[in-house]
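In case you want the letters, here they are:
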Amino acid sequence: PPLEKYVDPLPTPLTAIPDPSVYPGADYYEITMRQGSWRFHRDLKPATVWGYWAKNPKDPRKAIGMGYLGPTISVTADHPTVVKYRNKLPTTHLFQSVIERIRSGDPQLTPMAPPPYESKPPFPKNVSVWNVVHQHGGFTAPQSDGMPLHSFSPDGFHAESYTTLDPSRVKPNEAICAYTNHERSSMLWYHDHGMGMTSVNVYAGLAGLYLIRDPADERLGLPRGEFEVPLVLQDRTFGRDGSLAYTMTQREGEDTPVVNGKAYPFLAVEPRRYRLRILNASNERFWRLRFDVPRSALLQPNMPFWLIGTDGGFRTPLHMLNFLIGPAERYDLMVDFSQVPMGTNVTLTNYHAPVHYPGMPGQGPEISEIMQFRVTKPLSGGADRTTTPKKLKLPAVAPMEPKPHTRRREWVLYQHKLFGTMTFNAVPFMEPSEDFIKAGSTEIWEYINPNHDAHPMHVHLVNFQVLNRQPIDAAGYQAGYEKWIDGGRKAEDKPVLANYLTGPPIPPDPDEALSYKDTVKSYPETVTRIITGEFTPPTDTIASIPGSGTVLPATYVHHCHLLEHEDDDLMRPWTIVGSGG
Ligand code: C2O
């Protein structure tokens, strides 16, 4: 029988407690990855899951976590954080059978080729579990960035580029990372980035929120405390016994919506403004979200709301009825539940939701309803004193403008015609970096997508803005690109993008215009152009942690945030070099 909807209250991940005494001038956390159990729904038995637990400096016996996902790390902008990550997961993977099938090259699996690490394995053959934590959206020195080849296993094996700060304080299954927190007020997140294993590791539960708070926010009059609600959206499939099933190998997308770890939860709310901070932490699913209300409650079927921020922080408020959120994107909303009568149920729904792109046939099961807000709680404290969206004085977003000499770089989302594996520019992830970027420069990156699916593109280290998109002759471009590859990649054969454009540039969508982004939807049969912030990695800012700053050359990655694509193999390194060199 289908799961009964709206019987479980929405959980809110607890906030980790820092220990300021370990590294002077920085907040210190110890985060442990563990296997545990978690009940996703009242009528399901507890499932075995993976999650992050934070050490509680006030009571070491009471670690902070819930089994699934991880505690929220909430920091003050510019006050650095040091985190020790400890890998206490079992040495057999939660999805060991899936991994065995991928390793044996089972052609039924969606990642159609063996994982990229099969040719140059980062770990001995008998090791099946390895992990690393990446702070998504963070302005982080490369040795703390948690990239795939920084992975380490519970039994203490290290991938080739494994790195830690303060090595005298770590055991082989640990790594210490430092974060400058030089970000704008925004919601980042942390998640697993294990080499070739990110999809199964995140699916098991390895993701959490990382909030950057700016003291200046207090004057904005935004809803806060219990009226600021984070929503971590995922899709999952459950076995009859309540266990987590990973079916992404047969289809793209799972069949049950899960918010903050609960299937179809509800939240009782007051008739007032709320700030909803939404993260799409699904492996592959795009959602088109809206708030449905009964006809009797409003004159229209959807409750309007205001978009006040995106991946990289605040933006000019935008009045909206729905939006499309791709994997890893964040949407910061102001929703006023006093627009509807007391007693109204407001349902967060997913309108026409093929997995990969609206209007394109998705292969995953459709999910139409997600969670319910019940406007049933009396207004506490007399009145809603938060600022109305029209009067909000949010920090302005400066447009990033290309200059005539701004360097342009092309990234072709190339799907191998036989194997189906995807790469950037037909170069596997494990090939050394061949993209060298001058420190301090900004660049225009063109994501050329000749496929029929949308892909979320994520760049580490920098925020960017969307410049425009332009339709391309996808079949022609793909054919030209294959010819270039088959002919031995001679410069003169390389397809010239300008010759394949089939229409004028299209401005960014209203919800991404003049916004700071770290993940952008690359639509099918389209080139998506972004302009990056300066490629200036953090220098040594944390005095008590020697070696926490960046030394050039510094290599980072960018990749598709469909996690199965990132694993296989739509990811490339790029390198920042000194402006003198
Ligand atoms: Cu959220 Cu490199 O990833």
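Residues numbered from 1 in each chain as written. Predicted model: local features only at pLDDT ≥ 70, side-chain atom pairs only at ≥ 80, totals over all residues. Heavy atoms only, no water.

1. So, the overall build of the protein chain
(1) Moving on: From N to C terminus, the protein chain includes four helices and 32 strands.
(2) Moving on: Its C-alpha atoms give the protein chain a radius of gyration of 23 Å, near enough to 25 Å, the size a compact globule of 581 residues would have.
(3) Moving on: Referenced to the eigenvectors of the C-alpha coordinate spread, the extents of the protein chain come out at roughly 70 × 60 × 50 Å.
(4) Moving on: Within the span of the protein chain, comprising 581 residues, buried residues form 63% of the whole.
(5) Moving on: Of all intrachain contacts in the protein chain linking residues separated by at least 6 positions in sequence, the fraction that spans at least 24 positions is 77%.
(6) Moving on: Accessible surface for the protein chain amounts to roughly 22000 Å². Of this, 54% is attributable to carbon and sulfur atoms.
(7) Moving on: Looking at the protein chain, you have 57 positive and 63 negative side-chain charges, and the mean spots of the two groups are 5 Å apart. (Helix = DSSP H or I, 4+ residues; strand = E, 2+ residues; numbered from the N terminus. Rg over C-alpha atoms; globule rule 2.2 N^0.38 Å. Buried < 20%, exposed > 50% of the residue type's maximum accessible area, 1.4 Å probe, protein only. Contact = heavy atoms within 4.5 Å. Areas by Shrake-Rupley, 256 points an atom, 1.4 Å probe, with all protein chains shown as cover. Lys, Arg positive; Asp, Glu negative; His and termini not counted. Charge placed at Lys NZ, Arg CZ, Asp CG, Glu CD.)

2. Some details on the pattern of salt bridges
(1) Moving on: This model, assessed by the stated rule, comprises 34 salt bridges.
(2) Moving on: Between Asp 384 and Arg 273 there is a salt bridge; the shortest N-O distance is 3.8 Å. Here Asp 384 is found in the loop between strand E22 (369–375) and strand E23 (407–415), whereas its partner Arg 273 is found in strand E15 (residues 273–280), with 111 residues between them in sequence.
(3) Moving on: Overall, Arg 273 belongs to the buried group, its relative accessible area being 10%.
(4) Moving on: Among the ionic contacts, a cluster of salt bridges with common partners joins Asp 311, Glu 329, Arg 330, Lys 517, Asp 518 and Lys 521. (Salt bridge = Lys/Arg side-chain N within 4 Å of Asp/Glu carboxyl O.)

3. Observations regarding the sheet that holds strand E7 (residues 174–179)
(1) Moving on: Strand order in the open sheet formed by four strands is E3-E2-E5-E7, and the pairing between neighbours is mixed. With partners counted over all chains shown, the strands left at the sheet margins are strand E3 (47–54) and E7, one partner each. When strand polarity is set aside, the average angle formed by the axes of neighbouring strands in this sheet is 20 degrees.
(2) Moving on: Where strand E2 (residues 27–38) lies against strand E5 (residues 81–87), seven bridges are found, and the strand directions are parallel. Along E5, the bridge assignment pairs Ile 31 with Tyr 85. (Pairing = 2+ DSSP bridges. Axes fitted to C-alpha atoms, helices over the stretch in contact; angles between N-to-C directions.)

4. Structural notes on the sheet that holds E23
(1) Moving on: Pairing is mixed in the open sheet, where five strands are placed in the order E24-E23-E26-E30-E28. Strands at the two margins of the open sheet, each flanked by one partner only, are strand E24 (422–424) and strand E28 (464–471). If you compare each strand with its neighbour and ignore which way they point, the axes differ by 20 degrees on average.
(2) Moving on: One ladder, built from six bridges, connects strand E26 (residues 443–449) with strand E30 (residues 526–532); its direction is antiparallel. Looking at E30, one finds that Trp 445 is bridged to Ile 530.
(3) Moving on: Each of E23 and E26 touches helix H3 (residues 474–486); the most contacted strand, E23, lies at about 90 degrees to it.

5. A closer look at the side chain of Asp 435
(1) Moving on: With respect to the secondary-structure elements, Asp 435 resides in the loop between E24 and strand E25 (436–438).
(2) Moving on: For Asp 435, a relative accessible area of 12% puts it in the buried group.
(3) Moving on: Of the polar contacts made by the side chain of Asp 435, one reaches the side chain of Arg 409; its length is 2.9 Å.
(4) Moving on: Not counting residues within four places of it along the chain, the set of residues in contact with Asp 435 comprises Arg 409, Trp 411, Trp 574 and Thr 575. (Polar contact = N/O pair within 3.5 Å; in protein donor to acceptor, adjacent residues only side chain to side chain.)

6. Here's the deal with H3
Every α-helix carries 3.6 residues per turn, so stepping three or four residues along brings you back to the same face.
(1) Moving on: The end-to-end C-alpha distance of H3 is 18 Å, a good match for the 18 Å that 13 residues give at a rise of 1.5 Å each.
(2) Moving on: The complete set of buried residues in H3 reads Ala 474, Tyr 477, Gln 478, Gly 480, Tyr 481, Glu 482, Trp 484 and Ile 485.
(3) Moving on: One or two positions beyond H3, positive phi appears at Gly 488, with a value near 85 degrees. (Expected span 1.5 Å × (residues − 1).)

7. Details of the environment of Met 422
(1) Moving on: Mapped onto the secondary structure, Met 422 falls in strand E24.
(2) Moving on: For the pair Met 422 and Cys 560, spaced 138 residues apart in the sequence, the C-alpha separation amounts to 9.5 Å.
(3) Moving on: In this view, Met 422 contacts Leu 413, Tyr 414, Gln 415, Asn 451, His 455, His 565, Asp 568, Asp 569 and Leu 570; residues no more than four positions away in its chain are not counted.

8. What to know about the side chain of Glu 270
(1) Moving on: In this fold, Glu 270 is placed in the loop between strand E14 (265–269) and E15.
(2) Moving on: There is a polar contact of 2.8 Å between the side chain of Glu 270 and the side chain of Ser 380.

9. A few points about the pairing of strand E6 (residues 133–136)
(1) Moving on: Burial of the side chains of E6 extends over both faces: Val 133 and Gln 135 are buried on one face and His 134 and His 136 on the other.
(2) Moving on: Judged from the four bridges that link them, E6 and strand E8 (residues 186–192) form a sheet pairing that is antiparallel. When the bridges of E8 are listed, Val 133 appears paired with Asp 192.

10. A closer look at the confidence of the model for the protein chain
Low pLDDT means the predicted coordinates in that region are not meant to be read closely.
(1) Moving on: Mean pLDDT over the protein chain works out to 92, with 94% of the residues at or above the 70 mark.
(2) Moving on: In the predicted complex, the global pTM is 0.96; the interface-specific ipTM is 1.00. (pLDDT = per-residue confidence, 0-100.)

11. A closer look at the packing of aromatic side chains
(1) Moving on: One pass over the structure, following the stated rule, counts 29 aromatic pairs.
(2) Moving on: Ring plane angle 85 degrees and centroid distance 5.2 Å describe the contact between Tyr 203 and Tyr 246, whose orientation is recorded as edge-to-face. Of the two residues, Tyr 203 sits in helix H2 (residues 198–204) while Tyr 246 sits in the loop between strand E11 (244–245) and strand E12 (256–259), which places them 43 residues apart along the sequence. Both residues of the pair, Tyr 203 and Tyr 246, belong to the buried class.
(3) Moving on: Look at Tyr 481 and Trp 484: their rings are 4.9 Å apart centre to centre, the planes differ by 50 degrees, and that puts the pair in the tilted class. Of this pair, Tyr 481 and Trp 484 both sit in helix H3, three residues apart, which is roughly one turn of that helix.
(4) Moving on: Taken together through their ring pairs, the aromatic side chains of Phe 227, Tyr 274, Phe 291, Phe 305, Phe 323, Tyr 331, Phe 337 and Phe 373 make up a single cluster.
(5) Moving on: One Lys or Arg, Lys 262, reaches over the ring of Trp 38 and ends 4.8 Å from the middle of that ring.
(6) Moving on: One Lys or Arg, Arg 285, reaches over the ring of Trp 287 and ends 5.5 Å from the middle of that ring. (Phe/Tyr/Trp six-rings, centres within 6.5 Å; stacked < 30°, edge-to-face > 60°. Lys NZ or Arg CZ within 6 Å of the ring centre and 35° of its normal.)

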